[in-house]
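Descriptive analysis of the structure
Below, each chain spelled out in residue letters.
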Amino acid sequence: QVQLVESGGGLVQPGGSLRLSCVASGFTFSNYRMSWYRQAPGKERELVAGISPAGSSTNYADSVKGRFTVSRDNAKNTLLLQMNSLKPEDTAVYYCNTRVPGRNCWGQGTQVTVSS
């Protein structure tokens, strides 16, 4: 079955950087678009970034453009999110996501906290 396992979250000061990873299994990773979402306390889950199956096309939320970079390594079934110039408002649980036939799949999430 589809499994998505995120890692790389933590506590970082404003202006700092983190790199999130999502290791996928149970499906042909290179055939599917992948996305990062986040959910802050008391807020709706929102799309952060997405990447096409081959990695040739990406899209970002306006709030992270120029600071975050999504990429993927199809040989390692891994989705990445490089987050730079982090702000307190980036604090959230970050989730890896893909849609395979009949299922919208989520990882367990990784907590990112930006605070001094």
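Residues numbered from 1 in each chain as written. Predicted model: local features only at pLDDT ≥ 70, side-chain atom pairs only at ≥ 80, totals over all residues. Heavy atoms only, no water.

**Remarks on the overall build of the protein**
The secondary structure content of the protein amounts to zero helices and eleven strands. Counting from the amino terminus, the protein carries its helices and strands in the arrangement β-β-β-β-β-β-β-β-β-β-β. For 116 residues, the compact-globule estimate of 2.2 N^0.38 gives 13 Å, and the C-alpha radius of gyration of the protein, at 13 Å, lies within 12% of that figure. Considering only C-alpha atoms, the protein reaches an extent of 40 × 25 × 20 Å along its principal axes. For the protein, the residues scored as buried account for 43% of the 116 residues in total. Within the protein, contacts between residues at least 6 apart in sequence are counted, and of these 52% link residues at least 24 apart. (Helix = DSSP H or I, 4+ residues; strand = E, 2+ residues; numbered from the N terminus. Rg over C-alpha atoms; globule rule 2.2 N^0.38 Å. Buried < 20%, exposed > 50% of the residue type's maximum accessible area, 1.4 Å probe, protein only. Contact = heavy atoms within 4.5 Å.)

**Quick notes on the pairing of strand β1 (residues 3-7)**
A regular strand places its side chains so that they alternate between the two faces of the sheet. Because side chains alternate across β1, one face comprises the buried residues Leu4 and Glu6, and the other comprises Gln3, Val5 and Ser7, none of which is buried. Two strands pair when backbone bridges link them, and β1 and strand β3 (residues 18-25) are joined in this way by five bridges, in the antiparallel orientation. Following the sheet pairing, Ser7 is matched in β3 by Ser21. (Pairing = 2+ DSSP bridges.)

**Quick word on the sheet that holds β1**
Judged by pairing direction, the sheet is antiparallel, and its four strands sit side by side in the order β1-β3-β8-β7 without closing on themselves. Lying at the two open borders of the sheet, with one neighbouring strand each, are β1 and β7 (68-73). In this sheet, adjacent strand axes meet at a mean angle of 15 degrees when their direction is disregarded. (Axes fitted to C-alpha atoms, helices over the stretch in contact; angles between N-to-C directions.)

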